[in-house]
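# Structural characterization, general
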Amino acid sequence: MGIFSVLVDAPAHSGLVGALDYTSEAVLQPGQLVRVPLGRREVLGVVWDASSSSDLQPESLREAKWICPDLPPLNTPWRRLIQFTAQYYQRSPGEVALQALPPQLRTLQAEQLQRRLNKLQKALPKPVDHGVTAWAPEPTPEQASVLAQLAQPTAKGHTHLLFGSTGSGKTEVYLRRMQEVLASDDQAQTLIMVPEINLTPQLEARVRDRFEPLYGAGCVVSMHSGMTPTQRLNAWLAAHWGRARIVLGTRLAVFASLPGLRLIVVDEEHDPSYKQQEGARYSARDLAVYRGHLEGIEVILGSATPSLESWFQSRPASEADPGGRYVRLAMPSRVGESVLPEIRCVDMRLMPKGTLFTPLLLDAMRERIDRGEQVMVLLNRRGWAPVLMCADCDWKSQCPQCSTYRVFHREDRTLRCHHCGLTHRVPRHCPGCGNLDLGWQGRGTEQLQAFLEQWFAQDAHPSGRSYGVMRMDADSTRLKGSLERQLSQVHAGEVDVLVGTQMIAKGHDFRRMGMVVVADPDGALFSSDFRAPERLFSLLLQAAGRAGRAAREPGAPPAQVWIQTRQPDHALFAALRRHDFPGFAAQQLQERLMAGMPPFTHQALVRAEARQLNDALAFLNAAREQGLDANNEHITLYPPVPMAMQKVANAERAQMLVESNHRAALQHFLALWAHTLYATRQQHRSVLRWAVDIDPQGI
Ligand code: ADP
Ligand code: ZN
Ligand code: ZN
């Protein structure tokens, strides 16, 4: 009988932080999946250490059982990735490991799993037919140069930042590089990560079209949270067994078991959705880089608007500075005949308050459409208006549970809180004074859609048909399949004007989009979050990137972006008009350096929620006192403050910022302090929830 330590799903702070000891008749390998008794339950576990010398007597230990002998163990780099993630993000390794596995593994009986494996075995992809090659365009000179640099080992290591304009052909570079890597070794696997798969069904099709002719059906698997448990398990098994050669997934795919992993691509690496916002709050982008380092393989981070962290990390060397750890590769031009759109600001200070679109802009839109082009209108706010209000008394559609307003949705006549989900019918009369005439403040996508429908209904298209206005946002795409349907309507040209939130700005290869209108971006200019300008620049440049992607007919006006703003002279817009990401980034980095903010400092946030704000603050203050006593010269512990959105779903929220110039010092401090936090929490029973967020994305 041997003794083995096994990881089980135990959240950090539950007291069970490390691995637990079990016995087994069979010799277990590290990384093997087992089923073990835990209390009165039987749970899935991962063998962590094969030769544990327990303090406990073997007789007192319970027995671990193999879940399925045919399933190979999880390999060493995978286990080290889990270990690192747990340590870095202050969670238990058991929680991270078990969360990284497909949920169905927990519930499936051994025989069921065996049947699944047998089926997978039979459904082997057809042997590679060397005669077949997928069609792929000839690389442009910029693409060829980037590919040559990727193929050349560099002294800097293996992480590259591919900084390529929208439409410069980054995806084509990923596909080619993946193809080279896969061809070099018939066990090789590649991982390509995207922010949201559903948003870009085009990409999935492109990957399949490229690789299925080479490696057979089943060589590409997807991994994302929208899949059924069965689909997820099958995809996971295919990757774990080396059957799948390409994994295309969202952030959770960074933990896929890939024994033959040779290349990781992180597309749109700047996208905030790579950061997990609950449980272990990991950054899949950062973990991808770390995983590349662990496996000794190539990583490509790609974006037209890289995160300032990655941009800084890829700075070239100079006399005074050895440069960053990543290699920066640039593709400034668009593919073929298409050119970047012209960006202009429309000064809304000259317009009456409440103007949705200037008359000039409306005419320009129609002109475009009459030429056979499409127009996109971006407004990052859904619903009809953010506030419903009474002009007679002070009543506003405040959410009773949150420190925000419920949004007026006219389509289904509801007031909905976008933070806690609370939904009510729109009242017939003012709840404050009975006034029948309720008004609203501000605008949302529904309102723009209705306005444009009405405006375009005044005339018919020169061909006699009527104009098509469509809205795409989280509301219009709630039903399964509706997102795909809406996107294909746009691609098919059934839509003249596409109104929507940021989801229309991301990644789509709309061929006929000649004009992008940004309806009202100013709110983000005044946000208290220091990352807001970075986010806005990126959103607007991505949106601009949807325009003019195809070659234009001779004599056709250039594709255009119109930004309606009351701050036309703002430096952010000036850089945007020049398509000057490097200029914008340099200015932002300078500000961050002066203000001592990331990437020049490292941050962690401790957040706490309680029914009363003072309870949340008291807990954080107590934790802070003890942290200050620990006297770490490299650490700054800021006093706790209420969060900008102080109340959500009846919980009052506060946070405390921890900062250091040294990542290692911060890590060291947090590891020690974790015990204090846990113990302090025991004395502050009124705290509902608390969490530590390392490298937080929003402050
Ligand atoms: P990005 O990912 O940088 O936005 P894509 O890879 O989607 O750019 O390329 C933009 C468009 O150009 C796509 O329609 C793509 O098929 C096409 N394209 C990419 N590379 C080439 C090439 N070398 N030759 C011709 N067309 C290309
Ligand atoms: Zn009233
Ligand atoms: Zn609410």
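### Description of the site of ligand 1
Around ligand 1, a shell composed of 17 residues is seen, among which Glu138, Gln143, Lys170, Thr171 and Asp509 lie nearest. With respect to ligand 1, the backbone of glycine 169 contributes an N or O atom lying 3.0 Å from an oxygen atom. A distance of 3.2 Å is found between an oxygen atom of ligand 1 and a side-chain nitrogen or oxygen belonging to arginine 549. Protein contacts shield 78% of the accessible area of ligand 1, which totals 550 Å² for the unbound molecule.

### With respect to the nonpolar core
Of all hydrophobic cores here, the largest spans 127 residues; its most connected members are Leu33, Leu101, Leu105, Leu113, Phe255, Val658 and Trp673. Setting aside chain neighbours within four positions, we find leucine 105 in contact with Leu33, Arg35, Leu44, Ile67, Leu113, Leu233 and Trp236. In terms of nonpolar packing, the next biggest core, distinct from the first, is built from 29 residues, Val173, Cys219, Leu263 and Ile300 among them.

### Considerations on the coordination of the zinc ion (ligand 2)
Listed as protein donors to the zinc ion (ligand 2) are Cys390 (SG), Cys393 (SG), Cys430 (SG) and Cys433 (SG); their distances from the metal cover 2.2 to 2.4 Å. All donor residues of the zinc ion (ligand 2) come from one chain, and their arrangement in sequence is C-x2-C-x36-C-x2-C. Of this pair, cysteine 390 sits in strand 15 (residues 387–390) while cysteine 433 is found in the loop between strand 18 (423–425) and strand 19 (438–441), placing the two residues 43 residues apart along the sequence. Its relative accessible area of 40% is what places cysteine 433 among the partly exposed residues.

### Here's the deal with the pairing of strand 4 (residues 41–49)
Across three bridges, strand 1 (residues 2–7) lies against strand 4 in antiparallel orientation. Bridged to serine 5 within strand 4 is aspartate 49. Note: strand 3 (residues 33–38) against strand 4, six bridges, orientation antiparallel. Considered in strand 4, the bridge of valine 36 is made with valine 43. Between the end of strand 3 and the start of strand 4, which pair antiparallel, lie two residues, with glycine 39 showing a positive phi angle near 60°.

### Observations regarding the packing of aromatic side chains
If you walk through the whole model with that rule in mind, you get 17 aromatic pairs. Ring geometry for phenylalanine 408 against tryptophan 440: centres 6.3 Å apart, planes inclined by 40°, an arrangement best described as tilted. Linking phenylalanine 408 in strand 16 (residues 407–409) with tryptophan 440 in strand 19, this pair joins segments that are 32 residues apart in sequence. Relative accessible area serves as the criterion here: at 4%, phenylalanine 408 is assigned to the buried category. Taken together, the ring pairs in this structure connect Phe163, Trp311, Phe537, Phe581 and Phe584 into an aromatic cluster.

### Remarks on the coordination of the zinc ion (ligand 3)
Looking at the zinc ion (ligand 3), one finds its protein donor set to be Cys399 (SG), Cys402 (SG), Cys417 (SG) and Cys420 (SG), positioned 2.2 to 2.3 Å from the metal centre. Taken together, the four donor atoms coordinating the zinc ion (ligand 3) span angles of 106 to 113° at the metal, a pattern that classifies the geometry as tetrahedral. The sequence pattern formed by the donor residues of the zinc ion (ligand 3) is C-x2-C-x14-C-x2-C. Linking cysteine 402 in the loop between strand 15 and strand 16 with cysteine 420 in the loop between strand 17 (414–416) and strand 18, this pair joins segments that are 18 residues apart in sequence. Accessibility expressed as a relative area gives 1% for cysteine 402, which makes it buried. On the accessibility criterion, cysteine 420 (24% relative accessible area) is partly exposed.

### Some words on helix 4 (residues 110–122)
Taking 1.5 Å of rise per residue, 13 residues should cover 18 Å, and helix 4 covers 19 Å from first to last C-alpha, within 8% of that figure. All of the buried residues in helix 4 are Leu113, Arg116, Leu117 and Leu120. One side of helix 4 carries all its buried residues, which in axial view fall inside an arc of 95°. With respect to the buried face of helix 4, the exposed residues turned more than 90 degrees away are Glu111, Arg115, Lys119 and Lys122. Looking at the buried residues of helix 4, the elements they touch are helix 3 (104–107) and helix 8 (229–240).

### Description of the sheet that holds strand 4
Consider a sheet: its strands pair through backbone hydrogen bonds, and that pairing is either parallel or antiparallel. With antiparallel pairing, the five strands of this open sheet are ordered in space as 2-1-4-3-5. Two strands in the sheet have a free side with no partner beyond their single neighbour: strand 2 (20–24) and strand 5 (65–66). Bridge count for strand 1 against strand 2 is five bridges, and the pairing is antiparallel. Directly across from valine 6, in strand 2, lies its bridge partner leucine 20.

### Let's talk about the domain arrangement of the protein
Size of an interface, as often reported, equals the accessible area lost when the parts are brought together. Taken as a whole, the protein is organised into domain 1 (2–122), domain 2 (141–331), domain 3 (342–382 + 444–593), domain 4 (385–442) and domain 5 (602–694). The C-alpha centroid of domain 4 is placed 50 Å from the C-alpha centroid of domain 1.

### What about the packing of helix 1 (residues 76–88) against helix 9 (residues 284–295)?
Following both chains from N to C, one finds helix 1 and helix 9 inclined at 140°, their axes separated by 10 Å at the closest point. One finds that helix 1 runs oblique with respect to helix 9. Judged by the twist between their axes, the crossing of helix 1 over helix 9 is right-handed. Contacts between helix 1 and helix 9 involve Pro77, Trp78, Arg80, Leu81, Phe84 and Thr85 from the first element and Leu287, Tyr290, Arg291, Leu294 and Glu295 from the second. Considered class by class, the residues forming the contact of helix 1 with helix 9 number seven nonpolar, one polar and three charged.

### Quick notes on a positive patch on the surface
On the surface, a cluster of positive charge is contributed by Arg410, Arg413, Arg425 and Arg428. Turning to its location among the elements, arginine 413 is positioned in the loop between strand 16 and strand 17. On the accessibility criterion, arginine 413 (40% relative accessible area) is partly exposed.

### With respect to the confidence of the model for the protein
On average, residues of the protein score 91 in pLDDT, and 96% of them are at 70 or above. The lowest-confidence element of the protein is strand 5, averaging 81 in pLDDT; the highest-confidence one is strand 7 (residues 189–193), averaging 98.

### What about the pattern of salt bridges?
Tallying each qualifying case throughout the model produces 37 salt bridges. We note a salt bridge from aspartate 509 to arginine 549, for which the minimum N-O separation is 2.6 Å. One end of the pair, aspartate 509, is in the loop between strand 21 (497–500) and strand 22 (513–518); the other, arginine 549, is in the loop between helix 14 (532–544) and strand 23 (560–565), and 40 residues separate them in sequence. Residue aspartate 509 shares its accessibility class with arginine 549, and that shared class is buried. Arginine 592 is the salt-bridge partner of glutamate 534, the closest N and O atoms lying 2.8 Å from each other. Of this pair, glutamate 534 sits in helix 14 while arginine 592 sits in helix 16 (residues 581–595), and the two are 58 residues apart along the sequence. Residue glutamate 534 shares its accessibility class with arginine 592, and that shared class is buried. Connected through shared salt-bridge partners, Arg382, Asp412, Arg416, Asp475 and Arg478 make up one network.

Procedures and definitions
- Residues numbered from 1 in each chain as written.
- Chains lettered and ligands numbered in written order.
- Predicted model: local features only at pLDDT ≥ 70, side-chain atom pairs only at ≥ 80, totals over all residues.
- Heavy atoms only, no water.
- Near = heavy atom within 4 Å.
- Polar contact = N/O pair within 3.5 Å; in protein donor to acceptor, adjacent residues only side chain to side chain.
- Areas by Shrake-Rupley, 256 points an atom, 1.4 Å probe, with all protein chains shown as cover.
- Core = buried A, V, L, I, M, F, W, Y, C linked by side-chain atoms within 4.5 Å.
- Buried < 20%, exposed > 50% of the residue type's maximum accessible area, 1.4 Å probe, protein only.
- Contact = heavy atoms within 4.5 Å.
- Donors = N, O, S within 2.8 Å, 3.2 Å for Na, K, Ca; no water.
- Helix = DSSP H or I, 4+ residues; strand = E, 2+ residues; numbered from the N terminus.
- Pairing = 2+ DSSP bridges.
- Phe/Tyr/Trp six-rings, centres within 6.5 Å; stacked < 30°, edge-to-face > 60°.
- Tetrahedral: all angles 85-135°; square planar, octahedral: opposite > 155°, others 65-115°.
- Expected span 1.5 Å × (residues − 1).
- Arc of directions from axis to C-beta.
- Domains from an automatic or database assignment.
- Axes fitted to C-alpha atoms, helices over the stretch in contact; angles between N-to-C directions.
- Parallel < 35°, antiparallel > 145°, perpendicular 65-115°, else oblique.
- Left-handed = near helix turned anticlockwise from the far one by under 90°.
- Nonpolar A, V, L, I, M, F, W, Y, C, P; charged D, E, K, R; others polar.
- Patch = residues over 30% accessible without salt bridge, like charges linked within 9 Å, V, L, I, M, F, W, Y side chains within 5 Å.
- Salt bridge = Lys/Arg side-chain N within 4 Å of Asp/Glu carboxyl O.
- Lys, Arg positive; Asp, Glu negative; His and termini not counted.
- Charge placed at Lys NZ, Arg CZ, Asp CG, Glu CD.
- pLDDT = per-residue confidence, 0-100.

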